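For reference, the chains in residue letters:
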Amino acid sequence: MRILIGCILMFSIHTGAVGSTFRGGAFHLVLQDALLEAPGRQDSLTVDSTVKDLGLSRRDSIFSDQHIFTVALDVDDIARFPATSLQQYMKDQAPGLYAQENSGEPGTVQPMYIRGIPMPILTQKEIYQSQPLVVLDGIPLIGEHPFAFDIQQYQFDRIGPATNLLSNIDMNNIESIQVLKDVGNTAIYGPMAANGVIVITTKQPGAKRQITFNSYVGLAQRPTITAINGDYENAFRRQFYDRYTAIGRYSADDAYPLYLSDSLNTSYYGPSNWSDSYYRNGLVYSADADISGGGDRANFRFAVGHMQNQGVADQAGMKRYSALFNINMKPVEWLLFSAMINGNRVLRDRNRTLRDRFATMSYVPDLSSPLSPNNTVYSQYLNEFDNSFDNNTTNIVEGHAKLVFDFDRLTVTSRLAVDYNEGNRDLFYPRPLMEENSFAANYYGYNQRLIFDNHVSYNVPTGNRHELFVEAGNILQWDAFKYNYAYAYKGINDFIKINLLESDPNKPDYLNPLAFPRELVFKFLDYTNQNLVSVYGRGTYNFDDRYTVSLLLRTDGSSNAQPTSRWLFTPTLTFDWNIKKDLLADESSISTLKLRTSAGRLGRLNVFDNFSQGPTYSTFVGYTGNVITPGYNGFGVLTRPYEFGWSGYGIPWAYSDQLNIGLDIGLADERFRISLDWYTKYDRNQLLGIPSYAEFGYRQSYNAGMDVNNTGVELLLSADAVKKNNFTWAPSLNMHYNTNRLVSLPGGLDEIVINNRLFRVGERIDRFWVLQNEGIYLSDEEVPTLDGSAMTYNGIPLSAGDPRWVDVNGDNTINDADRQLKGSILPKIVGGFMNQFTFGDWSLDAHFYFNIGRDVLNADMANRFDFINREGVTEMNSVKEITFWEKRGDYSRYPLYNPWSNVIPYRKEQDLFLEDASFLKLRTLSLGYDLTKLLNKGSNIRRVFVYCTGHNLFTLTPYTGRDPELVDFMGYDTGYGLPIPRTYTLGVRMNL
């Protein structure tokens, strides 16, 4: 009844501003019809274009004379980049969008943020909750739920194939991309759009037959490194022994590592040529073809493609096979049937780092000796992988079918859409790789979204200067997430890689593995789902193309919300003022001047069903790090979720209040174009895990009341700087500035420490919490004293060789009270500078990408200097990859502290390792030639374009590490993340 009443009472609106759009043509600002692609309206837009392709008349729209600024990028230019994911394509393209490419390993997950982060990023869960919604042909794509991290001890990669689900986007099938940022554009997508929306539209069928073929082949260049061996490492450590040991050399009490003790050991002191087996020149390759055609009543488009990217390190790589099919049929004048299906199969060759291998296991093997830098010995180790396998397969399918009833001014649309992806990982390591303990694991999981939506729109008849459009609709959405996972140790031998089960149901160990002791077999099964019911209405009034007022009303009900606050009502209001037409109609130098404003509220979904009913019961994680089910009197029972945390009653909806003011300017008949936006967002009532209730066995309690503000400015400049007969130059600059602030914490707290991070009201939420370093104490006399007592660090007296940490509060004690909030994990300014030159049939494109005001904590260097605490310890921080034998960074920047000091002088949490990681990159340089005129004589070839392109050609940065982009979500350069390669490609694009 509530849905029915909402459908009857609500009315709808189309706003004039769309956001940033990538459409055919050189990279520049253009004027585009103000049509918002969104649930409901996007369907009618697709219908309109399809009807036009079928040779039928397009119904007039009140938006046909409204224009907005959009960012246009040639589709050819998009597809020429040898990317493996949507994030890589989008990294330098739209103001307000920041994509973090933290690894060059093909197919890995890469986060994106639109207009900042809405919450502190503490774990992979917060990353998931901060991602923008990606919409493919009206289908909101589902992501991979982070609930699997609850059974993992480490958060390096999610269990399973951990493949980037946006690697299914084949740019050769894409017609346009829109980045929707302000609430006036995103509100129609409801609570899924709280972090912004990226709308992707595929190429639609045409009435005429067309065939296209696109392909490129290229080389990803292996990086140049400085390889070291035991002699170099020994010399590095010798300077510490010379300074801080009585005899100037190591002794038996120093526990000097065995692998460095014998200088005659050629495995460590011989040639350091391991890089020949680790790094390589990788093949990059892509081939796509499609055919489309039809007639007045039906048309279709069918496309297939294959992409391969080998990567340049650790034998990592990725392959994708894709197929897309669109069909439109119009059996009668007022009825249209349209369907689309997009299928992809993604195969990954994962990296073979020790860390990522050990992270999935319940124990860490002996780490006393690292891998050898000698290629002969290292190759023998790699040969053992020939007896193992790590198969990662991801299948992704999106599709929809819809019926459109078009009765002149009235349009009714009904659609069923699905997004389904499943992942499989089969893994086996033989005994020689695992201290004579073989390891086998299997993962299968899926993410599924089913949508059924209906809407009706109506163009209200009005006077010549008045226009009114109304629309109402409802959406039903079902999301489901599931995985099955099991792993085991100590198989019978390396030739049997499956679990043999007891098949006799009369035996007590029925269906349990025969080959393994039970305590070495671990099995996991988890399933969660969430349902969303939405009702929305929109309406717009336009007066003489001068003033446009819009109102959106929406209500959403979520199964993950508590029964006392199941529904949330969210309004949005927009106002556009065409100043040019209203006040400056006679000013010829100004071709466009438009003011855009929008204000509204968006709900924010709880992604975990743990909060939906208040206190819950579940299994819990035991001391081994594995989920176990406790028992009572021999019966399996459920317990409180002590590991997850306490969640009580009365949890309200979180929501985001947003305000946007934009100005679009066009000068000299659109030769120069400017778009400027200012925004502020308040993400309110968010949940935060507060450390509490330890006396009852909980780690934390989830309380509402965290508010975060993001404020920023976005600038888009574009010009046709030179327009001559045979030469043109079209530069374009997009950049945005963002700053965030913690407005409030639950319970009125002023500050809180979580996971070694301090969050203080009034400060940024992405700052590092570090000690301030001012050098070294060269003698005991230099250490400050108070009342005859030397300064201490957490009760440990400081002495010669220790750091000069700043005593902020003057209590002669260095502790957490002296740690300061410094730097920022995310850049303050992000942008791209594009230049397109044409000379006759030649074209030259140069794209630059930059980050300003971003800091990185060089944890890789901290680990290098903290060798004393990393040796002889069997834990993840002591893992030494083969890249341990690679010279990185500038060692001379760091004082020679006493590494044996109990204060741990080379601890990571100090500004000694905090560096400015701003950078400027030449991301793309492309030279192309149009062969159409030469080949078109007597042929049916419409276009042939050949090109050669270089990518990631150089980086300018003050950062002393490998690459300022290779950092994790905490802002740490851990030394992991395969390098982003310099890539060269040759390609051809052909239309018949």
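Everything quoted here is computed from the prediction, not taken from an experiment. (Residues numbered from 1 in each chain as written. Predicted model: local features only at pLDDT ≥ 70, side-chain atom pairs only at ≥ 80, totals over all residues. Heavy atoms only, no water.)

1. Details of the overall build of the chain
Consideration 1: Across its full length, the chain carries 16 helices and 50 strands.
Consideration 2: Counting all 992 residues of the chain, 58% fall into the buried class.
Consideration 3: When the accessible area of the chain is evaluated, it comes to approximately 39200 Å², of which 55% is carbon and sulfur surface. (Helix = DSSP H or I, 4+ residues; strand = E, 2+ residues; numbered from the N terminus. Buried < 20%, exposed > 50% of the residue type's maximum accessible area, 1.4 Å probe, protein only. Areas by Shrake-Rupley, 256 points an atom, 1.4 Å probe, with all protein chains shown as cover.)

2. A word on the sheet that holds strand 39 (residues 792–793)
Consideration 1: If you walk across this open sheet you meet the three strands as 40-39-42, and the pairing is mixed. Across the chains shown, the open sheet's two edge strands, defined by having one partner strand only, are strand 40 (796–797) and strand 42 (813–814).
Consideration 2: Here strand 39 pairs with strand 42 via two bridges, running parallel. The residue bridging Thr792 from the neighbouring strand is Thr813, located in strand 42. (Pairing = 2+ DSSP bridges.)

3. Some points on the nonpolar core
Consideration 1: The biggest cluster of nonpolar side chains holds 56 residues, and the ones touching the most others in it are Phe439, Tyr483 and Tyr485.
Consideration 2: At the level of secondary structure, the elements contributing two or more residues to this core comprise helix 8 (258–261), helix 9 (266–269), helix 11 (354–358), helix 12 (375–383), strand 16 (410–429), strand 17 (439–460), strand 18 (466–489) and strand 19 (521–543).
Consideration 3: Sorting elements by how many residues they give to this core places strand 18 first, with five residues.
Consideration 4: Non-local contacts of Tyr485, meaning those with residues more than four positions away in its chain, are made with Ile151, Ile159, Thr360, Ala441, Asn442, Tyr443, Phe522, Lys523 and Phe524.
Consideration 5: Counting residues in each nonpolar core, the second largest holds 48 residues, with Leu166, Val183, Tyr189 and Ile200 among its members. (Core = buried A, V, L, I, M, F, W, Y, C linked by side-chain atoms within 4.5 Å. Contact = heavy atoms within 4.5 Å.)

4. Concerning a nonpolar patch on the surface
Consideration 1: A contiguous nonpolar patch, built from Ile291, Phe300, Phe302, Val304, Phe325, Ile341 and Val397 and spanning about 500 Å² of accessible area, is present on the exposed surface.
Consideration 2: Tracing the chain through its elements places Phe300 in strand 12 (residues 298–309).
Consideration 3: For Phe300, a relative accessible area of 30% translates into the label partly exposed. (Patch = residues over 30% accessible without salt bridge, like charges linked within 9 Å, V, L, I, M, F, W, Y side chains within 5 Å. Salt bridge = Lys/Arg side-chain N within 4 Å of Asp/Glu carboxyl O.)

5. A look at helix 12
Consideration 1: Taken together, the buried positions of helix 12 are Asn375, Tyr378, Tyr381 and Leu382. The arc that holds every buried residue of helix 12, seen down its axis, measures 120°, which confines them to one face.
Consideration 2: Among the structural elements, helix 10 (275–278) and helix 11 are those in contact with the buried residues of helix 12. (Arc of directions from axis to C-beta.)

6. Brief notes about the side chain of Asp802
Consideration 1: As for its position among the elements, Asp802 is in the loop between strand 40 and strand 41 (803–805).
Consideration 2: One buried charged residue, Asp802, remains without a salt bridge, the closest side chain of opposite sign being Arg907 at 9.6 Å.
Consideration 3: A distance of 2.9 Å separates the side chain of Asp802 from the backbone nitrogen of Ser799, its partner in a polar contact.
Consideration 4: One polar contact links Asp802 to Ser901, side chain to side chain, over a distance of 2.7 Å.
Consideration 5: Every residue in contact with Asp802, bar those within four places of it in the chain, is listed here: Ile776, Tyr777, Pro797, Tyr897, Ser901 and Val903. (Lys, Arg positive; Asp, Glu negative; His and termini not counted. Polar contact = N/O pair within 3.5 Å; in protein donor to acceptor, adjacent residues only side chain to side chain.)

7. A look at the confidence of the model for the chain
Consideration 1: Mean pLDDT over the chain stands at 87; residues scoring 70 or higher make up 87%.
Consideration 2: When the criterion is pLDDT under 50, residues 1–72 qualifies, and its contacts beyond four places in sequence or with other chains add up to 267 contacts. (pLDDT = per-residue confidence, 0-100.)

8. What to know about the pattern of salt bridges
Consideration 1: Applying the stated criterion to the full structure yields 49 salt bridges.
Consideration 2: Arg301 is paired through a salt bridge with Asp290; the nearest N and O atoms lie 3.4 Å apart. With Arg301 in strand 12 and Asp290 in strand 11 (residues 282–294), the pair connects residues that are 11 residues apart, well separated along the chain.
Consideration 3: Arg301 sits in the buried class, given a relative accessible area of 2%.

9. Side note on helix 7 (residues 230–244)
Consideration 1: For helix 7, which comprises 15 residues, the first-to-last C-alpha distance of 21 Å matches the rise-based estimate of 21 Å (1.5 Å per residue) to within 8%.
Consideration 2: Along helix 7, the largest kink reaches about 25° and is centred on Arg237.
Consideration 3: The set of residues buried in helix 7 consists of Gly230, Glu233, Asn234, Phe236, Arg237, Phe240 and Tyr241.
Consideration 4: Its side-chain oxygen 3.1 Å from the backbone nitrogen of Asp231, Asn229 forms the N-cap of helix 7. (Expected span 1.5 Å × (residues − 1). Bend = angle between axes of the 7 residues up to and from the residue.)

10. Quick word on the packing of aromatic side chains
Centre-to-centre distance and the angle between the planes together describe a pair of aromatic rings.
Consideration 1: For the structure shown, the criterion picks out 53 aromatic pairs.
Consideration 2: Taking 6.0 Å as the distance between ring centres and 25° as the angle between the ring planes, the aromatic pair formed by Tyr378 and Tyr381 counts as stacked. Of this pair, Tyr378 and Tyr381 both sit in helix 12, separated by three residues, roughly a single helical turn. Per residue, the accessibility class of Tyr378 equals that of Tyr381, and both read buried.
Consideration 3: Aromatic ring contacts, followed pair by pair, group Tyr232, Phe236, Phe240, Phe865, Phe867, Tyr891, Tyr894, Tyr897, Tyr906 and Phe913 into a single cluster.
Consideration 4: Lying across the ring of Tyr976, Arg355 places its NZ or CZ 3.8 Å from the centre.
Consideration 5: The positively charged end of Lys887 is found above the aromatic ring belonging to Tyr891, 4.4 Å away from the centroid. (Phe/Tyr/Trp six-rings, centres within 6.5 Å; stacked < 30°, edge-to-face > 60°. Lys NZ or Arg CZ within 6 Å of the ring centre and 35° of its normal.)

11. What to know about the environment of Gly138
Consideration 1: As for its position among the elements, Gly138 is in the loop between strand 6 (133–136) and strand 7 (139–140).
Consideration 2: Along the primary structure Gly138 and Thr201 are separated by 63 residues, whereas in three dimensions their C-alpha atoms are 8.0 Å apart.

12. Brief notes about the pairing of strand 19
Consideration 1: Judged from the 23 bridges that link them, strand 18 and strand 19 form a sheet pairing that is antiparallel. Note that in strand 19 the partner of Tyr483 across the bridge is Asp526.
Consideration 2: If you look at the hairpin formed by strand 19 and strand 20 (residues 547–558), you'll find three residues sitting between the two strands, and Asp544 has a positive phi there, around 55°.

13. Brief notes about the pairing of strand 45 (residues 842–852)
Consideration 1: Where strand 44 (residues 829–839) lies against strand 45, 11 bridges are found, and the strand directions are antiparallel. Each bridged residue has a counterpart across the sheet, and for Gln836 the counterpart in strand 45 is Asp845.
Consideration 2: Linking two consecutive strands that pair antiparallel, namely strand 44 and strand 45, is a turn of two residues; a positive phi of about 65° is found at Gly840 within it.
Consideration 3: The sheet contact formed by strand 45 and strand 48 (residues 919–930) spans 10 bridges and is antiparallel. By the bridge assignment for strand 48, Trp842 is matched with Tyr929.

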